[in-house]
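# Observations on the three-dimensional arrangement
Here is what each chain is made of, one letter per residue.
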Amino acid sequence: MRIILTLVVAWIVAGCQEPPGNPTVVQFWAMGREGEVVRELIPDFERAHPGIRAEVQQLPWSAAHQKLLTAFAGDALPDVAQLGNTWLPEFAALHALDPVEPSVVDASDYFPGIWQTNVVDQTAYGVPWYVDTRLLFYRSDLLAAAGHERPPTTWGEWTDMLRAIKRRGGPHRYGALLPLNEYEPLLALALQQEAPLLRDGDTRGNFRSEDFKRALRFYRDMFDNGFAPATNANQISNVWDEFARGSFTFYITGPWSIGEFKRRLPASLQASWMTAPLPGPAGPSYSVAGGSSLVVFSDSPRKKAAWQLVQYLSQREVQLRFHTLTGNLPPRRSAWNDERLRSDVHARAFRDQLERVKPASKVPEWERIATDMQLVVEHMVQGSGLTIDEAAAEIDRRADRILEKRRWLLARKEQP
Amino acid sequence: MVIAVFFFLPVLAGFALSFTDFDIYALADLGNLRFVGLANYVELLQTPLFWKALGNTLYFVGVGVPLSIAASLGAALLLNSRLARFRPFFRVALFAPVVTTLVAVAIVWRYLLHTKSGLINYGLESLGLAPIDWLGDPHWAMPAIILFAVWKNFGYNMIIFLAGLQSIPEELYEAARIDGASSWQQLRHVTLPSLAPVVLLVSVLTMAGYFQLFAEPYVMTQGGPLQSTVSVLYFMYEEGFKWWNLGFASAIAFVLFVLMFVVTMLQLYVARLRETS
C-alpha cells in the first residue's frame, strides 16, 4: 500500500515539474479599465518575445491598494503591477520594489514632474505608464456670455470671471464645481506655492505656512462668495447633465473627462467646451502629478521577463495605442509629438500643464495626510466655524500624529 | 483543540497586537515594531472620531434594535393571525431581503433615497413635504441607514418569532376567550409573556449584530458625509485595512468586544431579575 502511495506521489510531483522549453509566465496586475484594455496589447508582446507569456489579472480600483498590501503580507505579489504613483513611496518603504535599471527606458523623454513621482531617495522604482493631472474644463459659451473671451491665467482673472458669471446667473448657477470629497483641487492650489507641504525631512506638517494658508483662503473664498456649491460629488447625480445645463462653468478634473464629455454632452454643446491649464497666483502654474506607474516586485523570480514587459508597454507606439484605447495620456514627450495627440484640441492644455506638475510629498503616510486635510477642509467649508488659522493648525496636528512613527524611525537611524 | 487553534489563538494574537504599533513599517521589517503598552487604548480614548463612531453605533443600536424587533414581531403576528391570506407568499416576500445580497439591494436603495429622482422623496413631495437629501445631509444619513438595515434584517427575527408564536398552545387562547379577554388582552397577557424567552434571544442576537454595523455604511455612504455614518467597526476597518495600523485597529476591536460583552451581560441580568420578580 505504502509503495503504491509513494509511487502516486512521485508521479504527481513529476507531473508538476515543467518540462524545459515552456514559456515563462509573467503575472501582471492592472486596475479597472486599464486592466481590461491592456489585454489587447499583450498578443503583440508575446509575438515579439516567444519565450514569455503575460497573464493579466484585473483588480477593481476601489480594492486594489488593499489587495496589493495584503498580497505583500502574504507573499503573493505578482511579477509586474500597475501602481498609483502616490502609492509608490509606500511600497518602496516596504522594500517591495525592484529599482529601475537606467537601460530599461530613457528617463529624459518623460515629463520631469511625472518621472519624479517614481523617485524615492534618488532611486527610481517605477516607470510612468500614463499621466493624470487636473486642470480647468470650462464652458466657453457661458464664459463669453459673461464677457470673457479666453480662460483665466491668474487667480485674480479667475475671480473676476467667477464674479461676472455669478452676476448673470440665478441662485443655482455657480461659477465652478469643486467637489468637497476630492482633495486634488485644493492640493493643486497648494502645490502652486513655494513652501512644501511637509517640513523637517517630511516628518512634520507644514500646513501652517503662509503659503498653504494663501491657497486655503483662495479655496474657501470660492464657497464663501457663492462661486462654488458646497457639495460633494456623490450628491451630484450626473456631472455631465449639470455641466450641459450650465449649473457651473468651470470644473477642475482630469484627462478621463475628455472622453466622458465627448460621449455624454449633447452634440449641440460639443463646440462649447474647452480645456485650459490651471491658473496660478500670478500666471499659469503647477498642478498635481498623478497617474499610474509600472513596477516590478523585488521578490519576483522572473524579473528579466517582467522588465521586458514594462519596456514593451513603455514604447512610444504602444503608448499611443493605449491612449487610443483608453484616453489615458502618455507620459513620454515624444509620444505627444505624434499627430494624433497634437491635433486633439482638448488634449493641448494637458500637454502644456504636464510641463508644470509637481509630485506631492513622497512619504508612505501621504495618502492619509491628504485624506485628513480634505476632511478638515470639508468641515470648515460646511460651516463648523473653523477659521483658516484653526483649520491649518488642525491639519498640522493630524499630520504630526500620523508622522510620529516616521520621526521615530529616522531618529533611530541617526544614532546607531 | 480545533477551537483553541482557530478561535482562541487568533483572539490572543489580536490582543497582543493591540499593545504594539504594528503598521506597514513593521510589515516591512519586524525590527520596526514597538511595544507601546496601553498607548493605543489611551490614544483611542482621546480620538474624537472614535467617540463619534461610538455615538453613531449606539444611535444605530438604540433606534435600530427596537425598530427591528417591533417590525419583525408585527410581521410575525400578522402572518400568524388566522385572518392572514397567502401566508406562504408573504412569508417568502418578507424574508427575501435577508437572503438577498446586501450590495445589490444597497444599489436599489441608493436610487430610492436619491435627492432628486428617488421614490421616497417623490412620496414626501406628494404629501407636501420638502425633499430630504437622505445620504448627503449629515443629519439624515444615519436615519436612512437605519431604515435600510431594519428593512434588510427584520425577516430573520420574524421567522424566529413565528416559530415562537406557533409553539404557544392553543388552549391558552381558548381559556382566555372563555374568560372574555379581548384580542388586545390576549396579546398582552398570553402572547407576549409566552414569547418572553424568544424576545430575549432575539434582542441579544439583534443587539450583537447591530453593534457590528459595517456593511451598510460601507456600501451606502463610505462613512460620509462629514463622517456622520462612521461606526466603530467601520473606523476599525479604515485604521486596520485602509491605513494598516493593525495595532491600533486591534485595540478598537477589543474595546468593541468589551462593550458588547457588558451590554449582553446586562441584558441577561435584567431578564433574570424579571424572571425572579
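Residues numbered from 1 in each chain as written. Chains lettered and ligands numbered in written order. Predicted model: local features only at pLDDT ≥ 70, side-chain atom pairs only at ≥ 80, totals over all residues. Heavy atoms only, no water.

Under an unreviewed UniProt entry, the name given to chain B is ABC transporter permease subunit, and the source organism is Hyphomicrobium album. Under the Subcellular location (unreviewed entry) heading, UniProt states for chain B: "Cell membrane". (UniProt positions renumbered as here; feature names shortened; annotations may be inferred.)

Under an unreviewed UniProt entry, the name given to chain A is Extracellular solute-binding protein, and the organism recorded is Hyphomicrobium album. The record held by UniProt for chain A lists under Sequence similarities (unreviewed entry) the comment "Belongs to the bacterial solute-binding protein 1 family." According to the UniProt record, the Subcellular location (unreviewed entry) comment for chain A reads "Periplasm".

The subject of this paragraph is the overall build of chain A. In terms of helices and strands, chain A carries 20 helices and 15 strands. In terms of overall dimensions, chain A is globule-like: its C-alpha atoms have a radius of gyration of 24 Å, near the 22 Å expected for 416 residues. By its C-alpha atoms, chain A is 90 × 60 × 45 Å across when sized along the principal axes. When burial is assessed residue by residue, chain A has 55% of its 416 residues classed as buried. Here chain A displays about 18,400 Å² of accessible surface, and carbon together with sulfur accounts for 51% of that area. With 48 positive and 50 negative side-chain charges, chain A shows a spacing of 1 Å between the two charge centroids. (Helix = DSSP H or I, 4+ residues; strand = E, 2+ residues; numbered from the N terminus. Rg over C-alpha atoms; globule rule 2.2 N^0.38 Å. Buried < 20%, exposed > 50% of the residue type's maximum accessible area, 1.4 Å probe, protein only. Areas by Shrake-Rupley, 256 points an atom, 1.4 Å probe, with all protein chains shown as cover. Lys, Arg positive; Asp, Glu negative; His and termini not counted. Charge placed at Lys NZ, Arg CZ, Asp CG, Glu CD.)

Moving on, we come to the pattern of salt bridges. On inspection of all chains with the given rule, the structure shows 41 salt bridges over all chains. Salt-bridge contacts for A:Asp211 lead to A:Arg214; the nearest nitrogen and oxygen are separated by 3.3 Å. Of this pair, A:Asp211 and A:Arg214 both sit in helix α10 (residues 210-224), separated by three residues, roughly a single helical turn. A residue is classified by how much of its surface remains accessible, and A:Asp211, at 14% relative accessible area, is buried. In this structure A:Arg214 comes out as partly exposed when scored by relative accessible area, which is 39%. Two residues, A:Arg398 and A:Asp372, come together in a salt bridge whose shortest N-O distance is 3.5 Å. In this pair, A:Arg398 is assigned in helix α19 (residues 388-402) and A:Asp372 in helix α18 (residues 366-381), connecting sequence segments 26 residues apart. The buried category is assigned to A:Asp372, whose relative accessible area is 12%. What you see here is one network of salt bridges that share partners, running through A:Glu404, A:Lys405, B:Asp21, B:Asp23 and B:Arg34. (Salt bridge = Lys/Arg side-chain N within 4 Å of Asp/Glu carboxyl O.)

With that out of the way, let us pick up the packing of helix α6 (residues 102-112) of chain B against helix α8 (residues 138-166) of chain B. Residues and elements named next belong to chain B. In contact at an axis separation of 12 Å, α6 and α8 are set at 135° when each is read in the N-to-C sense. The orientation of α6 with respect to α8, classified from their angle, is oblique. Crossing handedness for the pair α6 and α8: right-handed. Contacts from Leu-102, Val-105, Ala-106 and Trp-109 in α6 reach Leu-147, Phe-148, Trp-151 and Lys-152 in α8. Partitioning the contact of α6 with α8 into residue classes produces seven nonpolar, no polar and one charged. (Axes fitted to C-alpha atoms, helices over the stretch in contact; angles between N-to-C directions. Parallel < 35°, antiparallel > 145°, perpendicular 65-115°, else oblique. Left-handed = near helix turned anticlockwise from the far one by under 90°. Contact = heavy atoms within 4.5 Å. Nonpolar A, V, L, I, M, F, W, Y, C, P; charged D, E, K, R; others polar.)

Our next topic: the interface of chain A and chain B. Taken together, the contact pairs 30 residues of chain A with 25 residues of chain B. Summing both sides of the interface, chain A and chain B together bury roughly 2,500 Å²; the carbon and sulfur share of this comes to 54%. On inspection of chain A and its partner chain B, the count reaches five salt bridges. Between A:Arg368 and B:Glu239 there is a salt bridge; the shortest N-O distance is 2.7 Å. Of all elements in the fold, only α4 (61-73), α5 (88-93), α18 and α20 (404-414) of chain A reach the threshold of two or more residues within the side of chain A that touches chain B. (Buried area = accessible area lost by both parts, 1.4 Å probe.)

What follows covers the environment of A:Glu378. Position of A:Glu378 among the secondary structure elements: in helix α18. Between the C-alpha atom of A:Glu378 and that of A:Pro179, which follows or precedes it by 199 residues, the distance is 9.6 Å.

Moving on, we come to a nonpolar patch on the surface. Residue and element names in this part refer to chain B. Together, Met-1, Val-2, Val-5, Phe-6 and Leu-9 give the surface a local cluster of nonpolar side chains, amounting to about 600 Å² of exposed area. Relative to the helices and strands, Leu-9 resides in helix α1 (residues 2-17). Using a relative accessible area of 53% as the deciding quantity, one classes Leu-9 as exposed. (Patch = residues over 30% accessible without salt bridge, like charges linked within 9 Å, V, L, I, M, F, W, Y side chains within 5 Å.)

In terms of nonpolar packing, the biggest core is built from 59 residues, with B:Phe60, B:Phe161, B:Met220 and B:Phe235 touching the most fellow members. Secondary-structure elements contributing two or more residues to this core are α4 (48-80), α6, α8, α9 (170-178), α10 (183-211), α11 (215-220), α12 (232-242) and α13 (246-276) of chain B. Excluding residues within four positions of it along the chain, B:Phe235 makes contact with B:Leu44, B:Thr47, B:Leu49, B:Phe50, B:Ala53, B:Val230, B:Phe248 and B:Ile252. One finds A:Tyr183, A:Ala276, A:Met373 and A:Val381 within the second-largest nonpolar core, a separate group that totals 53 residues. (Core = buried A, V, L, I, M, F, W, Y, C linked by side-chain atoms within 4.5 Å.)

All names here are of chain A. With respect to topology, five strands assemble into an open sheet ordered β2-β1-β3-β14-β6, the strand pairing being mixed. Of all strands in the sheet, those with a lone pairing partner are β2 (52-59) and β6 (127-132), marking the two edges. Here the strands of the sheet are splayed against their neighbours by 20° on average, with no regard to which way each runs. (Pairing = 2+ DSSP bridges.)

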